Number of protein chains: 2
Amino acid sequence: MIDVFAEISPSEFFYRNRDLAGFSNPSRALYSAIREFIENSLDACELHGILPEIFVRLTPMDFDINSQDPKAYILKVRDNGPGIDPKYVPKAFGQVFFGSKFQLRQSRGMFGMGGTMAILYGQITTNKPVRITTSVDGIQAFTFDLLIDVQGNAPIILKKDSHPTEGFTGITLTLNLEGDYSRASQKILDYFKQLAMVTPYANFTFIDPYGRLFIYKRVTKIMPVPPKETLLHPYGTDVEAIRRLIKQSKDDSMVKFMSNNFHRVGKNIASKFLNYAGFDQEKDPKTLSNDEITKLVKALHTFDGFLQPDASCLSPLGEEILMTGIKKELEPEFITATTRPPSAYSGFPFIVEVGLAYGGKILQRGLKLFRFANRIPLLYDEANDVASKVLNEEIEWKRYKIPEDAPLAIITHVCSTKIPYKTVGKEYLADRPELEKELRNAIREVLRKLSLYLSRKVSIEMDKRRFNIYGKYLPLIAKFSKELSGMKKLPNYKKLLEIKRFQKDIEEYIDVK
Amino acid sequence: MIDVFAEISPSEFFYRNRDLAGFSNPSRALYSAIREFIENSLDACELHGILPEIFVRLTPMDFDINSQDPKAYILKVRDNGPGIDPKYVPKAFGQVFFGSKFQLRQSRGMFGMGGTMAILYGQITTNKPVRITTSVDGIQAFTFDLLIDVQGNAPIILKKDSHPTEGFTGITLTLNLEGDYSRASQKILDYFKQLAMVTPYANFTFIDPYGRLFIYKRVTKIMPVPPKETLLHPYGTDVEAIRRLIKQSKDDSMVKFMSNNFHRVGKNIASKFLNYAGFDQEKDPKTLSNDEITKLVKALHTFDGFLQPDASCLSPLGEEILMTGIKKELEPEFITATTRPPSAYSGFPFIVEVGLAYGGKILQRGLKLFRFANRIPLLYDEANDVASKVLNEEIEWKRYKIPEDAPLAIITHVCSTKIPYKTVGKEYLADRPELEKELRNAIREVLRKLSLYLSRKVSIEMDKRRFNIYGKYLPLIAKFSKELSGMKKLPNYKKLLEIKRFQKDIEEYIDVK
């Protein structure tokens, strides 16, 4: 038997292994396709400071909703983002590993391939091209009909034309794909609901195959500050990264090279580091030998004088936006949230935010976990996620005296330049120790606040009951006392019955009215 | 802010996202590197019918085992396989998505990238080339020193020479990489132990960084029949696959096309199918329009006259080899195994084998699960695996009357042309319903056998005890009876005390002595 060697293209690889990217069956694929396009739209809008307006419609291709699933659907997604320069459109949508997500900056997309995977899946299940309309100037729009050449990993342009547009910028995308909406609908609706919770500054409209209209309305115009692109932190470097930096850099001395190319490394730290590592400050980085590069990387990982990454490349929601979103979707009796200070793992900065909602009419009894990463809801594989691990194994629930069946929701949000996903399908986060620690601290903090609220609530209830009894007897006692003492006027007992100050107490512990 | 579009190479993608391939940290990376090379060696040996001899040595690069982990290690792996033609060596080891694993045939490697990922990881952590020596004829060997150009996804040959070899064929590979043996050692030793269990026809030698020598000796020379390459099953097709088949095929009629290109489709079935699908038998497949291809695929998925995939492309261990391996490593009191008939999911055939071991001196109390897929031990993420799901949720344990803390091991082995892994790191299998069903049936079968053995064992124990009592009193009764009846000779009561037939019963229920 002879081994046959062959080369395959990236498209071919993911075509063969689509389970890896979340396209394992018609139900999952429908869900993945919808989220990939929405998330691309949100990334584009936010980076350009545009309040997102996203329209999604899913229609059975044969217009018969009662025909059996799985079947072919038409998915239309439209955004009001900045659009994509038409010259990039074919490759951005028709080539795996071509995209705009390859900088070191927080974004929902991490792998730069979700959209192309959805288009590929649509093509292999329905044999139809995708249609993309883009306008960047609001004057002219360009429409492309594309197929993907899987073996060549290249777009095939079937049709291209342009037409005037009336002020509209953004992308409209129409895709045909096999799906199973009867199985996927619950996940898709959950996705929208949770997305609205974590993106309260966006409008989402979804028309489902039954013609049902779901509208998630914007409740705030405050958007998170867009993340900045950042330099690599010394702890996150490797030999390959250093070699590239040297190749690109025009610095002619090590001290300049160090202070121009790394996150939070100035001349002072650069100089101290070079002494530590045993390099001449004035040495030209282009003259470093292979062994010297290895030595440099080793020193970069062990020197303890570097500053922790700062968070300017991150864009957390902040407690206020997070609480606004939670309040909107869950309408709880009590709500609180906390944003932890920035931390880092392997040189990648991250921030953990945790919200907590308790009571109200929507939440059911028991604990519900909502997980988000870079503002994406994560709906699958909850049991494997680091947040589940923390909740189940690392929280001493007894300490907080919260009834076991309390109607409770914990909302976790991790943002980072590199979310430690364990699959391309972006379902759950690895249990990096640094991440675990921040989640643990944040969850403890919100639980303490709930615990305090609940104990206050109990004591206020007791006070109220006591006052109700006083309220019954105090007038009688006052009356009898008056008669016994022969006074003419009733004593002013009403002041004693004021419970306003207790109500103030309650308000203090409900963070948002 | 402007979107920067860029193209990245497959090497670059996996360089940035090495978590996806099982190279997330120095401990995991060491484990992954060792297994990827061993598994490539085993695949090569078995495909050529060679009894595998695999030698693995791991040495600290600074020769100081007490220096702190993580640190640089030298990993050497040598096999006695067929070797690789030197003209393919640079690309096979230095280019992602180039390999020999892209046919439809059972093999340990699925993604054709594990070896290259390990080399890439070694390069970025130690900045050293990999050295590969190959000989295919046993006369001449070729040695390459290689680096990977990550951005270009291409091998860089630093050195190449050739020298005579004395009858040796196979590959020797020397790689430098950062690792953490103090953390990884347990997993690596578990891996060898389990690999030996499922590959009892191979010799493995491992010298660990402490200089400890681990030898796993071959106990049988019977190897599983190598898998054959197979055609695609109609249920596993899509539009893209059909388009390629049409392009390659020289058939000038649909009926020829159907019967030459699909698994278990002969003229008879092809003809029935074409009637069902509404295609002319004599139509030239090259004239099919896009819409007709779509219609064809739809019919291929819905026609119920196709045969289930056969298993000639699969290579299960078989009950005998599986039990030999289990016996060797676990030395149990009772052992059984079952190989299920072939089944299929989405057109991919698979076979489930399950072994069970009970008692003996090695097994501890409680249930231990050993998982294998295409003869690879799966050590990580057990809780997510379909076999865990079946054991925990679908088996009515009470029915089998097995004590809860019984010293029990269940060994599951799934082989398929396409294992439904959920990550490139090959850790656990998705819960495809067809797979779940076969596992459930196989596990029930071995549990029934154990249950029967245990109840026999109990009744034999009781019989023995009874016989011990008889053994005490029967001679006395015989003696008294003799005296009472005035007989001269003792009756022959000894025959009544023979328990041989019970021992036979025991033997029948222990499948392997």
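Bear in mind that the values here come from a model prediction, so they are computed numbers and not experimental data.

How should the overall build of chain A be read in this particular structure?
In terms of helices and strands, chain A carries 13 helices and 16 strands. Based on the C-alpha atoms only, the size of chain A along its principal axes is roughly 110 × 75 × 55 Å. Among the 513 residues that make up chain A, the fraction classed as buried is 45%. Contacts spanning at least 24 positions in sequence make up 74% of the contacts within chain A whose residues lie at least 6 apart.

Hey, could you run me through the relation of the copies chain B and chain A in this one?
What connects the two chain copies is a rotation about an axis and a shift along it. Placing chain B over chain A gives an RMSD of 0.1 Å and needs a rotation angle of 180°, together with 0.0 Å of translation along the axis. Look at the turn and shift together and you get a two-fold axis relating the two. Same-surface contact between copies: 100% of interface residues of chain B are shared with the interface of chain A.

Whenever I open this one, the interface of chain B and chain A confuses me. Can you help?
The figure often quoted for interface size is the accessible area lost as the parts come together. Taken residue by residue, the interface counts 42 residues in chain B and 42 residues in chain A. Looking at the side of chain B that touches chain A, the elements with two or more residues in it are β1 (6–7), α1 (10–16), β4 (98–99), α4 (114–126), α6 (239–248) and α9 (290–302) of chain B. For the side of chain B that touches chain A, the per-class residue count stands at 23 nonpolar, 13 polar and six charged. Pairing analysis gives two bridges linking strand β4 (residues 98–99) of chain A to β1(B), with the strands arranged antiparallel. Bridge assignment links A:Gly99 to a residue of β1(B), and that residue is B:Ala6.

Explain the confidence of the model for chain A to me, please; I cannot follow it from the model alone.
Taken as a whole, chain A shows an average pLDDT of 87; of its residues, 94% reach a score of 70 or greater. This complex was scored by the predictor with a pTM of 0.80 and an ipTM of 0.76.

Would you mind going over the packing of helix α7 (residues 254–261) of chain A against helix α8 (residues 267–277) of chain A with me for this structure?
Relative placement of two packed helices is described by the angle separating their axes and the distance separating the axes. Residues and elements named next belong to chain A. For the pair α7 and α8, the least separation of the axes is 9 Å and the interaxial angle reads 125°. Looking at the two axes, α7 sits oblique to α8. Handedness of the crossing formed by α7 with α8: right-handed. Across the interface between the two elements, Met254, Val255, Met258 and Ser259 of α7 pack against Lys267, Ala270, Ser271, Phe273 and Leu274 of α8. Classifying every residue of the contact of α7 with α8 gives six nonpolar, two polar and one charged.

Sorry if this is basic, but what is going on with the sheet that holds strand β5 (residues 130–135) of chain B here?
As a general point, the strands of a sheet are linked pairwise by backbone hydrogen bonds and lie either parallel or antiparallel. All names here are of chain B. The mixed open sheet is built from eight strands, whose spatial order is β7-β6-β5-β8-β3-β2-β9-β10. With partners counted over all chains shown, the strands left at the sheet margins are β7 (154–164) and β10 (213–216), one partner each. Taken over all neighbouring pairs, the strand axes of this sheet differ in orientation by 15° on average, direction set aside.

Explain the nonpolar core to me, please; I cannot follow it from the model alone.
The nonpolar side chains of a soluble globular protein tend to be buried, and buried together. Core analysis: the largest hydrophobic core is formed by 220 residues, its most contacted members being A:Ala33 and B:Ala33. Apart from the residues within four sequence positions on either side, B:Ala33 is in contact with B:Leu75, B:Ala118, B:Tyr121, B:Leu175 and B:Leu177.

It is not clear to me how the sheet that holds strand β6 (residues 140–149) of chain A should be interpreted in this structure. Could you clarify?
Residue and element names in this part refer to chain A. The strand order across the open sheet formed by eight strands is β7-β6-β5-β8-β3-β2-β9-β10, and the pairing between neighbours is mixed. Whereas interior strands pair on both sides, the edge strands pair on one side only; in this sheet they are β7 (154–164) and β10 (213–216). This sheet shows a mean twist of 15° between the axes of neighbouring strands, independent of strand direction. When strand β5 (residues 130–135) meets strand β8 (residues 170–179), the two strands line up antiparallel, connected through five bridges.

Would you take a moment to explain helix α4 (residues 114–126) of chain A for this structure?
Two residues of an α-helix separated by three or four positions point the same way, owing to the 3.6 residues in each turn. Residue and element names in this part refer to chain A. The end-to-end C-alpha distance of α4 is 18 Å, a good match for the 18 Å that 13 residues give at a rise of 1.5 Å each. Most of α4 sits out of view: 13 of its 13 residues are buried. Looking one or two residues past α4, Asn127 carries a phi angle of roughly 65°, positive in sign.

Please explain α8(A) as it appears in this structure.
All names here are of chain A. Of all the residues in α8, the buried ones are Ala270, Phe273 and Leu274. Within α8, the buried residues cover an arc of 100° as seen down the axis, which keeps them to one side. Set apart from the buried face of α8 by more than 90 degrees, the exposed residues are Asn268 and Asn275. Summarising the contacts, the buried residues of α8 are in contact with α7. At the C-terminal side of α8, Gly278 shows a positive phi close to 80°.

Mind showing me how you'd approach the environment of A:Leu429 here?
Residues and elements named next belong to chain A. Checked against the element boundaries, Leu429 lands in the loop between β16 (407–416) and α12 (433–485). Separated by 56 residues in the primary sequence, Leu429 and Ala373 place their C-alpha atoms 8.6 Å from one another. When sequence neighbours within four positions are dropped, the list of residues in contact with Leu429 reads Ala373, Asp385, Val386, Val414, Ile419, Pro420, Tyr421 and Leu435.

How should the environment of B:Asn176 be read in this particular structure?
All names here are of chain B. Looking at the secondary structure, you find Asn176 in strand β8 (residues 170–179). The class for Asn176 is buried, based on 21 C-beta atoms found within 10 Å. Asn176 sits 283 residues away from Ser459 along the chain, and the two C-alpha atoms are 59 Å apart. Filtering out sequence-adjacent residues up to four positions away, Asn176 remains in contact with Met61, Ala72, Ile74, Gly122, Thr126 and Lys128.

Honestly, the pairing of strand β2 (residues 53–60) of chain B in this entry has me stumped. Any pointers?
Consecutive side chains along a regular strand alternate between the two faces of the sheet. All names here are of chain B. Sheet topology places β2 next to strand β9 (residues 203–207); five bridges connect them, and they run parallel. Within the sheet, the bridge partner assigned to Arg57 lies in β9 and is Ile207. As judged from the six bridges shared by β2 and strand β3 (residues 71–78), these two strands associate in the antiparallel manner. Residue pairing in the sheet places Val56 in a bridge with Val77 of β3.

What am I meant to see in the pairing of strand β13 (residues 348–358) of chain B here?
Residue and element names in this part refer to chain B. Here β13 lies mainly inside the structure; eleven of its eleven residues are buried. Burial along β13 is two-sided: the face carrying Phe348, Phe350, Val352, Val354, Leu356 and Tyr358 and the face carrying Pro349, Ile351, Glu353, Gly355 and Ala357 are both buried. Alignment of strand β11 (residues 334–339) against β13, held across six bridges, turns out to be antiparallel. Within β13, the position partnered with Thr336 by the bridge is Leu356. Strand direction decides the pairing type here: strand β12 (residues 343–345) and β13, joined by three bridges, are antiparallel. Within the sheet, the bridge partner assigned to Tyr345 lies in β13 and is Phe348. Between β12 and β13, which follow one another and run antiparallel, lie two residues, and Ser346 among them has a positive phi close to 40°. Pairing between β13 and strand β16 (residues 407–416): nine bridges, direction antiparallel. In the strand pairing of β16, Val352 is matched with Val414.

Looking at this structure, how should I read unusual backbone geometry?
Working note: non-glycine residues mostly have negative phi, and peptide bonds are mostly trans. Note the cis peptide between A:Asp69 and A:Pro70, where omega equals -5°. Following the sequence through the fold, A:Pro70 ends up in the loop between β2 (53–60) and β3 (71–78). With a phi angle near 40°, A:Glu331 is a residue other than glycine that sits in the positive phi range. Structurally, A:Glu331 can be placed in the loop between α10 (318–330) and β11 (334–339). The backbone of B:Asn374 sits at a positive phi, close to 45°, despite the residue not being glycine. In this structure, B:Asn374 sits in the loop between β14 (366–373) and β15 (376–378).

Calculation criteria
- Residues numbered from 1 in each chain as written.
- Chains lettered and ligands numbered in written order.
- Predicted model: local features only at pLDDT ≥ 70, side-chain atom pairs only at ≥ 80, totals over all residues.
- Helix = DSSP H or I, 4+ residues; strand = E, 2+ residues; numbered from the N terminus.
- Buried ≥ 20, exposed ≤ 12 C-beta atoms within 10 Å, placed from the backbone.
- Contact = placed C-beta atoms within 7 Å.
- Least-squares fit on C-alpha atoms with pLDDT ≥ 70 in both.
- Nonpolar A, V, L, I, M, F, W, Y, C, P; charged D, E, K, R; others polar.
- Pairing = 2+ DSSP bridges.
- pLDDT = per-residue confidence, 0-100.
- Axes fitted to C-alpha atoms, helices over the stretch in contact; angles between N-to-C directions.
- Parallel < 35°, antiparallel > 145°, perpendicular 65-115°, else oblique.
- Left-handed = near helix turned anticlockwise from the far one by under 90°.
- Core = buried A, V, L, I, M, F, W, Y, C linked by C-beta atoms within 7 Å.
- Expected span 1.5 Å × (residues − 1).
- Arc of directions from axis to C-beta.

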